[in-house]
Amino acid sequence: MNHPISHYLLKYKYFIAFAVFAVLIGLVGDHCLVRRMAQKREISDLQSQIQSQEERYVRDKQQLDRLNSDPEAVKRVAHERYYMRSTDEDVFVMED
């Protein structure tokens, strides 16, 4: 019952060749599965960043349109962001 290793290699040569091929495709090379998974993850992260930037662009564009058309909006932004005041009021800035 002692069979040399070459007997097993010949008996399972197709399985061994397939296993070696699968390892090479999965782990080695520019287009390996591990790298492709990392690239897919990076693509999804970049797409979420694009989505958030588009939402920010729409929000800023709406605010810019309001600032160009409404003088009260300019006053409100000056008060809220830059702590400017008119002559008859005091501004108190409270920080948490």
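Residues numbered from 1 in each chain as written. Predicted model: local features only at pLDDT ≥ 70, side-chain atom pairs only at ≥ 80, totals over all residues. Heavy atoms only, no water.

Residues and numbers for helix 2 (residues 13–27), please.
Taking 1.5 Å as the rise per residue, helix 2 with 15 residues should run 21 Å; its terminal C-alpha atoms sit 21 Å apart, in good agreement. Gly29 sits one or two residues past helix 2 and shows a positive phi near 110°. (Helix = DSSP H or I, 4+ residues; strand = E, 2+ residues; numbered from the N terminus. Expected span 1.5 Å × (residues − 1).)

Quick one: what's the story with a nonpolar patch on the surface, residue by residue and with numbers?
There is a patch of nonpolar side chains on the surface, built from Ile5, Tyr8, Leu9, Tyr12, Phe15, Ile16, Val20, Val23, Leu24, Leu27, Val28 and Val34 and spanning about 1200 Å² of accessible area. If you list the elements that add at least two residues to the nonpolar patch, you get helix 1 (5–11) and helix 2. Among the elements that line the nonpolar patch, the one with the most residues is helix 2, at six residues. Relative to the elements of secondary structure, Ile5 occurs in helix 1. (Patch = residues over 30% accessible without salt bridge, like charges linked within 9 Å, V, L, I, M, F, W, Y side chains within 5 Å. Areas by Shrake-Rupley, 256 points an atom, 1.4 Å probe, with all protein chains shown as cover. Salt bridge = Lys/Arg side-chain N within 4 Å of Asp/Glu carboxyl O.)

Report on the environment of Arg85, specifying residues and quantitative values.
Residue position: Arg85 is located in the segment after helix 4 (71–82). Spatially, the C-alpha atom of Arg85 lies 8.9 Å from that of Lys75, the residues being ten residues apart in sequence.

Account for the packing of helix 3 (residues 33–69) against helix 4, naming residues and giving values.
Running from N to C, helix 3 and helix 4 cross one another at 115°; their axes reach a closest spacing of 5 Å. Residues Gln63, Arg66, Leu67 and Ser69 of helix 3 touch helix 4, and the partners they reach there are Pro71, Ala73, Val74, Val77 and Arg81. Grouping the amino acids of the contact of helix 3 with helix 4 by side-chain chemistry returns five nonpolar, two polar and two charged. (Axes fitted to C-alpha atoms, helices over the stretch in contact; angles between N-to-C directions. Contact = heavy atoms within 4.5 Å. Nonpolar A, V, L, I, M, F, W, Y, C, P; charged D, E, K, R; others polar.)

Can you explain the pattern of salt bridges? Please cite residues and give values.
Taken as a whole and assessed by the stated rule, the structure comprises two salt bridges. Salt-bridge contacts for Asp60 lead to Arg56; the nearest nitrogen and oxygen are separated by 3.8 Å. Here Asp60 pairs with Arg56, and both are found in helix 3, just four residues apart, close to one helical turn. According to the relative accessible area criterion, Asp60 is partly exposed, its value standing at 36%. The class for Arg56 is partly exposed, based on a relative accessible area of 44%. A salt bridge links Glu72 to Lys75; its shortest N-O distance comes to 3.9 Å. Of the two residues, Glu72 and Lys75 both sit in helix 4, three residues apart, roughly one turn of that helix. Using a relative accessible area of 48% as the deciding quantity, one classes Glu72 as partly exposed. (Buried < 20%, exposed > 50% of the residue type's maximum accessible area, 1.4 Å probe, protein only.)

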